Amino acid sequence: MQIALFIIFGLLAVAGALNLLFQRHPINSALSLVVVMMSLAVLYWSLGAEFLAAAQVIVYAGAIMVLFVFVVMLLNAGEEDRTHGSKIAYIAGIPGAAATFCLLSFVFLSERKQLGSTEIGGYLTNAVSNITEISHTLFTSLLLPFEVTSILILVAILGAVVLARKEL
Amino acid sequence: MNFDPIILTLIILTPLVGAVLLALLPEDATASNGSKRHAIGALVVTLFTLLLTLHLPAHFNYTAAPHTFQFEQNLPWITNPAIRYHLGVDGLSMWLIVLAAFLAPLGVLASWNTIKTRTKLFFVLFLLQQVAMLGIFVALDLFLYYGFWELSLVPMTLLIATFGRTENRRRAAIKFFLYAFIPSAILLVGIIWLYSLTGTFDLPILQALAASHHIAAPPTALLLCSLAFLIAFAVKVPIFPLHGWLQDAVAEAPTAAVMVLAGKLGLYSILRFSFGIFPDQSRHVAPLLIALGAIGIAYGALIALIKTDLKKLAAFSTLSHVSFVVLGIFTFTILGLDGGVFQILNESLIGAAFFILLGLLYERYGTYDMRDYGGLATRHPWMVTMFVVTVLAAAGLPILNGFVGEFLILSGSMQSLAAHHILWTVIGTTGVIFGASYLLWMIQRIFYGSLGARPDEVSGWDLCAREHLELWPLAALFLIMGVASPLWMRAIDTYGAPTANAPTQSSVATQNLLPPPQTASQTASIAPPSLSSQLETRSSALKSPAAAPQEAR
Amino acid sequence: MAVPIAFYLILAAILFSIGIAAFLIKRNIITIFMSIELMLNAVNLTFVAFSHMWHQVSGQIFVFFVMVVAAAEAAVGLAIIISLFRVRQTLDVDQINLLKD
Amino acid sequence: MNPQLLWLIPTLPFAGFLLNGTLGRKLPRSFVSAIALLFTAAPALIVAQLWIYMKSAGAPISLSVASVPWIAVSGFHVNFAFTVDRLTLIMLGVVTGVGFLIHIYSVGYMALEDGFWRFFAYLNLFMFFMLVLVLASSFVLLFVGWEGVGLASYLLIGFYFTKDSAANAGKKAFIVNRIGDFGFLLAMFLLIAHFGTLSFTSVFSQISASPLSGGILTTIALLLVLGATGKSAQIPLYIWLPDAMEGPTPVSALIHAATMVTAGIYMVARCHVLFDRAPIALTVIACIGAATALLAATIGTVQHDIKRVLAYSTISQLGYMFLACGVGAYSAGVFHLMTHAFFKALLFLAAGSVIHALSGEQDMRVMGGLRKRIPITFWTMSAGVFAISGIIPFSGFFSKDEILYQTFISTNPLAKLLWFVGLVTAGLTSFYMFRLWFKTFFGAPRFDENALTHGHSTHHLHNQVSDRATYDQTAASGHDSGQAAHAHGVHESPLVMTIPLMILAVLATIGGWVGIPAALGGHNEFEHFLDPVFASAAAPAFEAASRGTELALAVVSLLTAFLGIFVAWLFYCRKPGTAGALAKKYATVYSLLDHKYWVDEIYGRFIVAPLLAFSRILLSGLVDGGIVQGTAATLTASTQGGSWLVRRIQSGNIRSYAGWLAIGAAAVIAIVLFGHHGLRL
Amino acid sequence: MSTNLLAVLPELILTLTGVLVMLAEPLIAPGRTRKPLGWLAILGTLASALAAFYQLHIVNAHGPVTGFYATIQVDAFSIFFHLLIASIVLVTLLASLDYFEQGAVTHAGEYFALVCFGATGMMFMTCSVELLMVFIGLEISSISTYILSGFRKGRATASESAIKYFLLGSFATAFFLYGIALCFGATGSTSIAAIAAGLAVTKTPLLGWLAVAMVLIGLGFKVSAAPFHVWTPDVYQGAPAPVVGLMSTAPKAAAFAVLLRFLFNGTGLYHSHWILLIEILAVASMTIGNLGALLQTDVKRLLAYSSVAQAGYLLVAFSSTRNEAFGAACFYTAAYAAMNVGAFVVLTQLSGFDEKLRSIDDYTGLALQRPVLSALLGFFLLSLIGIPFTGGFFAKFYSFSAAVHGGHTWLAIVGLANSGVACFYYLRLLAALYSRPLAEQPNSPTRRIALPAAIALAATAAATLGLGILPNHVLHLVQRATPQNLPTASAPQLSANPPQEAWMDAKTR
């Protein structure tokens, strides 16, 4: 089952990503990204992260992507033009991306043995449930990051207000 | 009250304080022809500095042990790295300090009327330059020295950039700075490397370590390090073929700046640091430097022969003259070293007089092109007199100072036959011919014959009182130093004699030809005993500062 | 059948690289921003995979934080995009090149 | 007398120089001349006293005075130390005596010149340096005088500096002398390197003590010879002396005839110990001397400028002295030096008087028939002409004959050839001197009496005067070269000029009697007087010769002189057109002589021009412009190229930037994965 | 090991200040001056700095402490950076008090708040020993600087600057995150101490290497090390001058602090892997930065490139042994902050809100009109060149001596040759200042320098000079600041022996 999930949703994620890449209208790209996120949510679940799977759907797909779509609509962005502003992106960037991928894969493949494999539901069998453990950690050892994140959100709100406010 | 321990600090501080005070003194907006108050202030400061420096020759101890320093001040400054505020003077630097302080008032006088705008900036920079120069001469801590060394670049660059003569000035300033800065960056690497090796920046300690071969490093590395030092200094001198900056900088720099542009700083540094810390390595590269010195003499003179622009001529003449010093000091003979150091004084004084005179001409006629001149002798009898005296001193006429230096240098060069080929001495001596040629030709083209184009248009005046005041001390010194050189040589010799190689009587045919001159034994006996005892005290002193960084690592 | 962790990682690497490529290829600034989100998602997958491997929940928490940060970034980024659009009336990244040598 | 007073001899003229040099411009002319004369007469008196003192001492002695250190470094000391021996004494006598006379003469000759004070200041300066040269007790002190007289010569030749030719001549003199000094300096450096000292006594005693005579001594000697050829105007460096005639005539008389140019001979004589050990160098000296004597004499036969004839004759006579030194006959050389000082000073001063009479005219072609108009000048000059031509009993005969005789009996393998050259030169000498005599004083006057009344003449003078008149407000008179403003027609010179002429005429006549050789019934006292100086174990030997030989040689040389006179008489008195006809017939030879063998041109074309071209093209252009500046330029250009490249990266496009980030990231990952261990140095 | 508010006191104070300012902003009527808010922020920053001093006092007495379940560690190192960041922020605030008055920005209060928040993020970065915390801090600082760089909203360049910074910054953040993920993958932890312990026993070292690379890419972007510097010139050019002064120093300092901790304390074991990378980054940064600046005519871009080069010099220090690297790098950050902030404060004063002075030509002859400011700018430029008796000199000196001690003499030589090239462009600006003006009319309106700006200038100049004459005092602090990993509660005790710094032993031998 694990492998089936992996193959189906992995392929779906890649397909979504590629679609994002090849679609020329931002809305289509956004929807492709939603597909990727949904697939990932399933994969998260298959890896024993139910909480994250849920959060992925709610926060990412539900909130962030909606924000994106909203802005796309707001700015009335149409299909993008095939402008040729950059040769470097193709000459250096794409090979760079490919090389990065190759190097990463090389590392993962060469360490494949040591990395081991997934055990279906392996993590779920823990005594404490996933969510309990997360919340426990979040409020003990990772309390500070959790609190500080509020500053981050404050900054984000402040920034959004500052930037998007009309008058200047 | 005994001023000895603080006199050097006072000497450095006086122009510094002067510079700060001048900077705070507002420009006189009411004066029509440029304010004089800063000039007066600078004159007072420089004269006072000169007065202070005269303390040194007055209280110099001629019988001190070789390789020791006087008027020392040695205070801890920064603990990591171990930098000390260490000042001191020996026979090498004493007269150079007085010289630098002596030239300063002359520079102020030379700028009296020529600097019409931004007088404040000019004199502040001038005094800062003075601080850096004096600092270089007295610093005994490599690091402190390096600080002054770099510091000397800045005012000079700004002086050239701001007060340069033509539109080319910015380029010339940057060229000057780059030429000086890049090698001194390598010098810094050398200093750091040395520090990482020995744990000290203190020159006397380093000197003692080097003399006793206690700097533990592969010979190649040491040689490279010595080259890093040497190249930085050589560019500043400049030694042929590193003189690329000289022509432009001399052409642009105002008189007061150009007087201190080339020569003494670099040469002093070679003598003090290259020879002090790398005695063996310096001797190793000496044949090359002797060759470069000899070539530089002839090369500078030959090119000066064809230049029609007076400043360019002066630049190559400077190259030729400093090359004499290079030739002299790298012979490592007493004659060469003493003559070389003496010639640094000569070269500076003669160069100063020369540039002042050129400045006077420019002030009157607004051109440095010789072809525009001619027949000025009837109009400016005093100026031509001073010009001829200067030129004769430069050409090495006996009883003027240039001769003593050149004579000793070339004799030394001939003496050190073992180190190099006789050819270099011969080439060096041709400088005597070419030097006279271009200088006399210059005199002829400016002053003799019928009136030239510029003097026909512009009427000039003979020297005024201030100009007399600038030139007479120099002219008098030419003569006094020419006939009474021992006054200076006595101190210089305390440096030169212990630094030179013990005379080997290396000459080709003489071993069998003659009994050794009676003085040979004298000179040989000076160095060894005192040095070794000194070394012991130094190395014990070395333990503590050197050990600290070792442990830290 | 168990899937090797490496496969998840490689899947993440693929997504990450596609994200890079999308950043390079897309012209619309919003889409480019989306490709960054794609890259972040790839990283998240990596985190989750490792979290699974190490039986450590901290990886998952990290992902949680990344999500929050992504949301904050999205807010700010989109605000920047809006303010840019107001001035330039374009979202084509190739036309955003006033600042250059 | 107190020997410590020795230092007064040179310093008094120096004081005169300083006084006149700094204050002279403000002082009246009488004061200036008084100062100059006083400070020249005083040393002359001291020398006279010294002479008496040393004579009375009986035995040959040499004096030296305690010294002031000049250069003092460990292992090497030079002092201002003076020493007097008999050679010095003779030189001192000549320099102070002749010098004083010429000073007197100058007072009259220069009376109306603008730079009167300057002239006397320079003249005193010259006296100072010349006396230092003569009194020096070491090579380097000698060199001080040596260079110093060169300086004085430079200043005095260029006295009329507004004239380009004068300025050029001064510069040429100095630089050519410098070439000689180059040799002198190198010789000194070698001496220091090998002997560790430059004191005469020390060096010579070391040479004497050493058993070897090696290549090094020859090298030193040859380098010294180079120095001497410069100062004494010998081949190859004689070219400056004819041009030096641009200076005022008293200067030519004092510096370029009587004293300074003999410094080379003095130096060789002073260093005879060294030269005796370097026979090759001696031979070179002899050959140079003979060749110069002949060469200069041939040129002298065709010159028209009265002073140039005398200049070439000077070169020729100096060649004689060189010849003498070269064969080891130092005392003969010095003897000729002394007589030459008398008669050549006389000739120049008389020529000056002639020029003065003709208001600045120097061209013999427009002279003639002056015998009656300026009798004193004529008679005194005649004495000089006879003396130089070697007519018995004038002084020149004895000294020149001595040289020829010594040469003949020398053991040098070239002795006979050298003697023959000397003989031919003697004939030529009497020819061109009598040519001068005849052309100047005999025949019909060829000058334009009217032109002279304006005080102006032909040649460059015209330009020069008008030039100066334009901007020289103080110019009371626009006259140069000794012609006076009051010169209305040809006239005899004032007493202040003629008295020195007369004294010198007497000396030129009887000056040689101190060295009448034994063959002519004398004792050759002069030679004996100098014997203690030149006694040397290594001195070149002479063949034993009989009195008969000596007598015969004297007769031969006398006959040669008369032959010269006869030819001159034939050409310029009897048939005045002959010379011109000959010149046309042998146009090539004449042109060669007229152009002084094109030596100046050859030097210019083959040494000076290539040197300048070398400097301009190779050094300034290629090395300085190309390599030195070019390296910097290349570095700058490559840096700027790099800068351009880096800025190309900064295209402003976010996608490009991301491209760089991506490829950079890939590179970083690759480096971390595959690049272990950083580079070390 | 529990919540210890004292450990985050400076951050806490700054946050509160920011919140206060933010809250007070709407209370002030539009059109009224926002200076009081600025003063409030300044006071807050001062208080935060004092709090840092107080922490120093405690640390001096009791040694380093950790807080919040060992997510942060308060030691001399973090306090040093706290103080540094607080000082930078203080100077920036002082300099920008009047800045926004000129531009009639109505909501300048938000600017002050953002600066405070940003500084909080940076401070958290420097004291965190947990990568998650680092990440959050990094994001806070980044997001505030994104916003600040686009603060002059009406301008096309401002938005462009912000978007470039934002997009590329997020792009790099993804790499940084990936790196953390791989760290976690290799060791099972994101705490630096645990990473150090974990790497010693990890079965997947390749992941560790990869993690180092990815983190370096992310932080390399933040410190604008070549080739991750591409954003720097454009962003600096478009951002307001005081903000550039801030963001070219404070976030960089924080990023370097993270880099130091991460490389030496976290992945010190992999020294041999990252050392070459650091060297290459250093050389590339120095060279590319200097070359880019060489022919630059826009002054802000010039300083941007120069900051790239400065990052390179700083990286040179990393090539040495741990202690030296810490000392040299910390000193460098401080000196660089002093002179660079100073330079930008002068630029702010000279060119004003509109930034009319852009190219070097605009600065020609300015010394006549604004002598004091020109002299100060000249002084900062000299310090950037590295002239002795300025902070810049000792900064370079320590950095290069660290390299020489570490056996990387060639790096020092490359660095010094580069600083030779560098003086060309600094001097071009300097020479321009002091040459004759091109036009008659003044190119900079002569204003009196306001008191706060004067204080800011005096402080930076004094700091630059002080670091150049008496570097010892800072150096003492810095030398004690080399942090050690404290035992943490959450660190998995995978191995009995703590990771030996074998590479370091090898070096000292």
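Look up a bit, the structure's there.
Residues numbered from 1 in each chain as written. Chains lettered and ligands numbered in written order. Predicted model: local features only at pLDDT ≥ 70, side-chain atom pairs only at ≥ 80, totals over all residues. Heavy atoms only, no water.

Visitor: Would you take a moment to explain the overall build of chain D for this structure?
Guide: Within chain D, the secondary structure is distributed over 27 helices and four strands. In terms of overall dimensions, chain D has a C-alpha envelope of 115 × 70 × 55 Å along the principal axes. Here chain D holds 681 residues, and 64% of them are scored as buried. Long-range contacts, defined here as pairs at least 24 residues apart, represent 81% of the contacts in chain D between residues at least 6 apart. As displayed, chain D has an accessible area near 22800 Å², and 70% of this comes from carbon and sulfur atoms. Within chain D, the 29 negative side-chain charges are centred at a point lying 7 Å from the centre of the 38 positive side-chain charges. (Helix = DSSP H or I, 4+ residues; strand = E, 2+ residues; numbered from the N terminus. Buried < 20%, exposed > 50% of the residue type's maximum accessible area, 1.4 Å probe, protein only. Contact = heavy atoms within 4.5 Å. Areas by Shrake-Rupley, 256 points an atom, 1.4 Å probe, with all protein chains shown as cover. Lys, Arg positive; Asp, Glu negative; His and termini not counted. Charge placed at Lys NZ, Arg CZ, Asp CG, Glu CD.)

Visitor: Explain the environment of Arg86(C) here, please?
Guide: Positionally, Arg86(C) belongs in helix 3 (residues 58–88). Relative accessible area serves as the criterion here: at 33%, Arg86(C) is assigned to the partly exposed category.

Visitor: How should I be thinking about helix 6 (residues 142–163) of chain B in this particular structure?
Guide: Two residues of an α-helix separated by three or four positions point the same way, owing to the 3.6 residues in each turn. With 22 residues, helix 6 of chain B ought to run about 32 Å at 1.5 Å a step, and its terminal C-alpha atoms sit 32 Å apart, in line with that. Of all 22 residues making up helix 6 of chain B, 21 are buried, and the element is well covered by its neighbours. (Expected span 1.5 Å × (residues − 1).)

Visitor: So what exactly am I meant to see when it comes to the pairing of strand 2 (residues 68–73) of chain D here?
Guide: In summary, the side chains of a regular strand alternate between the two faces of the sheet. Residues and elements named next belong to chain D. As paired strands, strand 2 and strand 3 (residues 76–80) are joined by five bridges and run antiparallel to one another. Counted as the bridge partner of Ala72 is His77 from strand 3. What sits between strand 2 and strand 3 in their antiparallel hairpin is a turn of two residues, with Gly75 showing a positive phi close to 90 degrees. (Pairing = 2+ DSSP bridges.)

Visitor: What is the right way to look at the arrangement of the chains in this model?
Guide: Counting contacts across all eight pairs of chains that touch, the top pair turns out to be chains A and C. Across the gap from chain A to chain B, with no contact made, the nearest C-alpha atoms are 34 Å apart. At no point do chain B and chain C touch; the closest pair of C-alpha atoms across them sits 23 Å apart.

Visitor: Is there a simple way to explain the interface of chain A and chain C in this structure?
Guide: Reports often express the size of an interface as the amount of accessible area lost when the parts come together. Taken together, the contact pairs 84 residues of chain A with 69 residues of chain C. Here chain A and chain C share an interface that buries about 7000 Å² over both sides, 77% of which is from carbon and sulfur atoms. Inspection of the chain A/chain C interface yields zero salt bridges. At the junction of chain A and chain C, the tally comes to 11 residue pairs in polar contact (both at pLDDT 80 or more). The set of elements that each furnish at least two residues to the side of chain A that touches chain C consists of helix 1 (2–22), helix 2 (26–46), helix 3 (50–74), helix 4 (88–110), helix 5 (112–115), helix 6 (130–139) and helix 7 (143–164) of chain A. It is helix 3 of chain A that contributes the most residues to the side of chain A that touches chain C, 13 residues altogether. Residue classes in the side of chain A that touches chain C are distributed as 55 nonpolar, 20 polar and nine charged. (Buried area = accessible area lost by both parts, 1.4 Å probe. Salt bridge = Lys/Arg side-chain N within 4 Å of Asp/Glu carboxyl O. Polar contact = N/O pair within 3.5 Å; in protein donor to acceptor, adjacent residues only side chain to side chain. Nonpolar A, V, L, I, M, F, W, Y, C, P; charged D, E, K, R; others polar.)

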